[in-house]
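# Structural overview
If you want the building blocks of each chain, they are given just below.
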Amino acid sequence: MIVHYNAGGSFDTAARVMAPVLGKYLGTDVVIKNVPGSSGVVGAAELWGSGADGYTIGYMNLVNLVLFDLVFDDMPFEVEEFLWLNQIMSSKYILSVPLDSPINTVEDLIAASKIKPIRLSCSDPGAEEVLSMNAIGIDHTYVTGFASNVEIVTACLKGDADAMIQPTTTMLDWYDSGDMKPILLFGWEKDPFLTSKGYDVPSSADLGYSDLNPISGPRVIAAPPGTPAHIAKAIEEAFLKTLADPEFMEWVTETDQLIAPKNSAETTKIMSDLQNSYGPWKEELAKYITN
Amino acid sequence: MLEAIVSAASNLLDIQVVLTLLLGVTIGMIFGALPGVGGMLAMVIALPFTFGWEPSTAIYFLIGIMGSVTFAGSIPAILLNTPGTGPNVCTCFDGYPMTKKGQGGKALGMSATASALGALFGVFILMLCIPFTRAIVLAFSAPEFFWLVMFGLVSVAFAARGNMIKGLFTAGLGILISLIGYSPAILAMRFTGGSWYLFDGLPLIPVLVGLFAVSEMISYSSKGGTIVKDKVPGKLSGVFDGVKEVFRHKITFFRSAAIGTGIGIIPGIGGVVASFLAYSTAMQSSKHPETYGKGEPEGIIASEAANDAKDGGALIPTLAFGIPGSPMMAILLGAFLLHGIVPGPQLLEKNLDIAWILIFGLVIANILTSTVGLSIASYLAKLATIRVVYITPIVLLLSTSGTYLYRGNIWDVVLMMIAGVLGYTMKKYGFPVICLVMGYLLGILAEKGFQQTLQSSYGDYSVFFTRPISIVLIVLMVILISLPVINVFRSKRRNIS
């Protein structure tokens, strides 16, 4: 199983926890191979070129691949042609500001941006930032080059930036610690997880920005194109069993993972939803990704 | 607080925990001492084995590895002129000349002592800072980061004493190399020639292994023979001379350990820069800078005290917010997640005992490593009498496999070889390799600090000069530059009177 990020990260950790459980259902050993580089492109390219015999699969960040495929013409793979077997997890994105910021709602943010552009901290402007700021109509600029979520948050806390968009899972801790507060969640509905923790955040659907609903971070299993259907089916089912396995669930509950198991048809739908959502903004996205 | 200390310490009464810590130290020493395969690789390989362990046991194990690699890495630096890990680079400058003079045992003794005491210093500062970790980390904003990096770049100019032009030329080349890849500053690829391999820039490990280990092996092979021409006096007394030597240079030691801790606190700068800054500051403030690079004991003390002290400093951002202070710390954070400990803003609130496990682990690992190091130093020193035809193939094999294992990309090995030839050629024609490395490490960071500062100030340049910490850094930089002038002026005055 190819993981297109470094060992030790959250992708890698999840893959390594899944591997032995998956192996149990597939009746074979599952070995992790980290192929990091180029925001996941190198790993995806390796998967693309691997034998389509079911012995090589990939645990991938779907958004990056869809995005790169949209913006660049010369990607070493075609996103539509991978077999998308399962979604394992999916992060929802949330717009946050420091707790002591005078901004409390999206309206405040729009108003503030008319006085001075809102500074968004990010590693580099991604689809979440570009889409949401343009669709809502917030005058903004970016503070870029941060290596991790934590650096992005601390940039806001230091006053180097005003707001940020990151997955809910990484933000929860910062809400609990009294450093940050949530403003807007991207999705079709309120997040039951956040609500259960006492954070009642309006969703993009609530506020009428439905174009922003598909913004999410699906982590999915892919197989190279041409993998025989019956093998793909077997792997898909093994993953569904893995995701319900008590051994795996123990880790999920212990470490508060947000799993979102989906079968192949659903995962493929998520992929095409993302493509549809990003498509109209290709030009705007390309500005930040290729220049 | 007390409860957390007791809880962390009570783990150490468990023989199983002690054994895993020992195991970690052993693994760390082996990986640290083998050129080309550093501590990161050791931790990546060891991480999966900790599945199913108690979190505290796993953390003791991993911190054992972290605490031991840096001293172990000074062993090949001193004996073979090949740093075991990146931060040992500056240890080569004076350690290897000492070996050539037959003082390898003494150099190892100094390195072991400076390492252990440096680590203790770093941990001591960490303990003092635990209540203020957040404030410390938040005080360092983009402009401060920029000035700190500039401080490092300015000190490169002194590194090439005697041939400053060559030094600056090489540093400039290093800065250009550092710009390769996707730049979040201008949101574009630079110098990649359309290659996806270069997207993330030139990776650190292959470049360092090539420049330092491979290049040295090429020059060994072209010379043949042994490293030390005469019989090495592998006497134990030499080793204890080394221990005493550290206590004779208290100022150098404390200054270097402080620099190491300070750099450790700032995420993303790293141990190579920490030891380099300590080294160049020691040289710059020395009354006899000309002895540096020719076997000056203070050079080893500066480098080793700083690179071990930085671990304590690097734990400050880790504990405050879960920011990894170094690449190894990033893997440690991955291990936290794996064991259900969320490294984030609430780590200290929810898992204060983790802080003390890290502190105890680091202290014990360092003391153990240095004790072992001291007791075997006189035997190790004999390594330098082995004919290089036996050393070269082993080191090359390790370098190649270590570089490949790092992320399984064969192009990394090709890059390592190119860097090796480049390093060899540079050494041959008197271009200081360290200047290239400093440019390569700092160039992109300087740009990042500069760009983030301007982005957050809406393009206003005055923020560079209005913040107190920035001003302190600027003043320190001016002092560092003018120190030799002041020294000359002082000694002239003394001569007159």
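Residues numbered from 1 in each chain as written. Chains lettered and ligands numbered in written order. Predicted model: local features only at pLDDT ≥ 70, side-chain atom pairs only at ≥ 80, totals over all residues. Heavy atoms only, no water.

### As for the overall build of chain B
Keep this limit in mind: Runs of E in the DSSP output that reach at least two residues are strands. Runs of H or I that reach at least four are helices, and both are numbered from the N terminus. Only protein chains enter the accessibility calculation, which uses a 1.4 Å probe; a residue is then buried when its area is under 20% of its type maximum, exposed when over 50%, and partly exposed in between. To measure how exposed things are, a 1.4 Å probe is used in the Shrake-Rupley method; for residues, cover is taken only from the protein chains shown. In this charge count, Lys and Arg are treated as positive and Asp and Glu as negative; neither His nor the chain ends contribute. Positions of charges follow a simple convention, taking NZ of Lys, CZ of Arg, CG of Asp or CD of Glu.
A tally of regular secondary structure across chain B gives 21 helices and two strands. Over its C-alpha atoms, taken along the principal directions, chain B stretches across nearly 60 × 55 × 55 Å. A burial count over chain B gives 59% of its 497 residues as buried. A total accessible area of about 19,000 Å² is found for chain B, and carbon and sulfur atoms account for 72% of it. Computing the positive centroid from 30 side-chain charges and the negative centroid from 21, chain B places the two 13 Å apart.

### Things to note about the interface of chain A and chain B
As a reminder, the rule being used: Contact between two residues is taken to exist if any of their heavy atoms lie within 4.5 Å; hydrogens are not considered. When two components associate, each loses some accessible surface as probed by a 1.4 Å sphere; the sum of these losses over both components is called the buried area. The term salt bridge refers to a pairing of a side-chain nitrogen on Lys or Arg with a carboxyl oxygen on Asp or Glu at a separation within 4 Å. Here a polar contact is recorded for every N or O atom pair within 3.5 Å, except that within protein the pair must consist of a potential hydrogen donor and a potential acceptor, and residues adjacent in sequence are included only if both atoms are side-chain atoms.
Between chain A and chain B, the contact holds 47 residues from the first and 38 residues from the second. Where chain A abuts chain B, roughly 3,600 Å² becomes buried across the two surfaces, and 58% of that area is made up of carbon and sulfur atoms. Its largest share of buried area at the contact with chain B, chain A owes to S38, K158 and D173 of chain A, together 14% of the area lost on that side. Counting across the chain A and chain B interface gives two salt bridges. Here K448 of chain B ties to E151 of chain A by a salt bridge, and the two come within 3.7 Å at their closest N and O atoms. There are 11 residue pairs in polar contact (both at pLDDT 80 or more) connecting chain A and chain B.

### Remarks on the layout of surface pockets
All names here are of chain B. Stated formally: Using a 1 Å grid laid over the protein atoms alone, points where a 1.4 Å probe fits but cannot get out form a cavity; open sets with protein on both sides within 12 Å along at least 5 of 7 lines form a pocket; any residue with an atom within 4 Å of a point counts as lining. Grid points are joined across faces, edges and corners, and a volume is the space filled by probe spheres set on the points. Lys, Arg, Asp and Glu make up the charged group, whereas Ala, Val, Leu, Ile, Met, Phe, Trp, Tyr, Cys and Pro make up the nonpolar group; the residues left over, Gly among them, are polar.
Here the second largest pocket defines a volume of roughly 980 Å³. N81, F93, G293, K427 and P432 are, among the 34 residues lining the second largest pocket, the residues nearest its centre. Secondary-structure elements contributing two or more residues to the lining of the second largest pocket are α5 (89-100), α10 (204-223), α13 (271-284), α19 (410-428) and α20 (433-456). Broken down by element, the lining of the second largest pocket gets its largest block of residues, six residues, from α5. In terms of residue class, the lining of the second largest pocket is made up of 19 nonpolar, seven polar and eight charged.

### Some words on the packing of helix α4 (residues 55-80) of chain B against α5 of chain B
All names here are of chain B. What counts is decided by this rule: Axes here refer to lines fitted to C-alpha atoms; in helices the fit is confined to the stretch in contact. Angles between the N-to-C directions go from 0 to 180 degrees. An angle below 35 degrees is treated as roughly parallel, one above 145 as roughly antiparallel, one from 65 to 115 as roughly perpendicular, and anything else as oblique.
Direction vectors running N to C along α4 and α5 enclose 55°, while the axes themselves pass 6 Å from each other. The orientation of α4 relative to α5 falls into the category oblique. Contact residues: α4 offers S74, A77, I78, L79 and L80, while α5 offers T91, C92, G95, Y96 and T99. By residue class, the composition of the contact of α4 with α5 is six nonpolar, four polar and no charged.

### Structural notes on the packing of aromatic side chains
Cut-off, in case you're wondering: For Phe, Tyr and Trp, rings pair up if their centres lie within 6.5 Å, where Trp contributes its six-membered ring, and each pair is then called stacked (planes under 30 degrees apart), edge-to-face (over 60) or tilted (otherwise). Only lysine NZ and arginine CZ atoms are considered, and such an atom sits over a ring when it is within 6 Å of the ring centre and within 35 degrees of the ring normal.
Taken as a whole and assessed by the stated rule, the structure comprises 27 aromatic pairs over all chains. Ring geometry for F68 of chain A and F72 of chain A: centres 5.5 Å apart, planes at 15°, overall stacked. Across the pair, exposure class does not vary: F68 of chain A and F72 of chain A are buried alike. Aromatic side chains F450 of chain B and Y461 of chain B sit 6.2 Å apart centroid to centroid with 55° between the ring planes, which places their arrangement in the tilted category. In this pair, F450 of chain B is assigned in helix α20 and Y461 of chain B in the loop between α20 and α21 (468-496), connecting sequence segments 11 residues apart. Three or more aromatic residues joined by ring pairs make a cluster, and in this case those are F146, W147, F450, Y461, F464 and F465 of chain B. Lying over the aromatic face of F431 of chain B, K166 of chain B brings its terminal NZ or CZ to 5.1 Å of the ring centre.

### Section: the packing of helix α6 (residues 104-129) of chain B against helix α12 (residues 250-265) of chain B
Residues and elements named next belong to chain B. Inclusion rule: Crossings are classed by handedness, with left-handed meaning an anticlockwise turn of the near helix from the far one by less than a right angle and right-handed meaning a clockwise turn.
Close contact between α6 and α12 brings their axes to 9 Å; oriented N to C, the two are set at 55°. Comparing their axes, α12 and α6 come out oblique. For the pair α6 and α12, the crossing hand works out as right-handed. Contacts between α6 and α12 involve A114, L117, G118, F121, G122 and I125 from the first element and F253, F254, A257, A258 and T261 from the second. Grouping the constituent residues of the contact of α6 with α12 by class yields eight nonpolar, three polar and no charged.

### Considerations on the confidence of the model for chain B
As a general rule, the predicted coordinates of low-pLDDT regions are not to be interpreted in detail. Filter applied, for reference: Across the chain, each position has a pLDDT score giving the predictor's confidence in that residue, from 0 to 100.
This prediction gives chain B a mean pLDDT of 87; 97% of its residues lie at or above 70. For this predicted complex, the interface score ipTM comes out at 0.80, alongside a pTM of 0.83.

### Observations concerning the state of the cysteines
Rule in force here: When two cysteine sulfur atoms are found within 2.5 Å, that pair is recorded as a disulfide.
All told, the structure shown has zero disulfides over all chains when counted by the stated rule. Just so you know, C156 of chain A is unpaired, no disulfide at all, and the nearest cysteine sulfur is the one on C122 of chain A, 9.8 Å from it. Take C156 of chain A: its relative accessible area is 3%, and that puts it in the buried class. No disulfide involves C435 of chain B; its sulfur sits 10 Å from the nearest other cysteine sulfur, which is in C90 of chain B.

### Let's talk about the pattern of salt bridges
According to the stated counting rule, one finds 19 salt bridges over all chains in the structure shown. A salt bridge links E236 of chain A to K233 of chain A; the nearest nitrogen and oxygen atoms lie 3.8 Å apart. Taken together, the residues span about one helical turn, with E236 of chain A and K233 of chain A both in helix α9 (residues 229-242) at a distance of three residues. E144 of chain B is the salt-bridge partner of R467 of chain B, the closest N and O atoms lying 2.7 Å from each other. Of this pair, R467 of chain B sits in the loop between α20 and α21 while E144 of chain B sits in helix α8 (residues 142-159), and the two are 323 residues apart along the sequence. Classification of E144 of chain B as buried rests on a relative accessible area of 2%. Connected through shared salt-bridge partners, K24, D245 and E247 of chain A make up one network.

### Things to note about empty space enclosed by the protein
If you walk through the whole model with that rule in mind, you get two cavities of 30 Å³ or more. As for the largest cavity, its lining consists of P36, G37, S38 and V42 of chain A together with W196, Y197, D200, G201, R407 and N409 of chain B. When grouped by side-chain class, the residues that make up the lining of the largest cavity number four nonpolar, four polar and two charged. In terms of lining, the second largest cavity is formed by D12, T13 and R16 of chain A together with L47, F51, G334 and L338 of chain B. Listing elements by their share of the lining of the second largest cavity, those giving two or more residues are α1 (10-26) of chain A together with α15 (327-338) of chain B. Here the lining of the second largest cavity gets three residues from one element, more than from any other, and that element is α1 of chain A. A class-by-class count of the residues in the lining of the second largest cavity yields three nonpolar, two polar and two charged.

### Some points on helix α17 (residues 352-380) of chain B
Heads up, the rule is: Take the residue count of a helix, subtract one, and multiply by 1.5 Å to get its expected span. Bend angle per residue: angle between axes fitted to the 7 residues ending at that residue and the 7 residues starting there.
Compared with the 42 Å implied by 1.5 Å per residue over 29 residues, the 40 Å span of α17 of chain B between its first and last C-alpha is a close match. Approximately 40° is the largest bend angle found in α17 of chain B, and it occurs at L374 of chain B.

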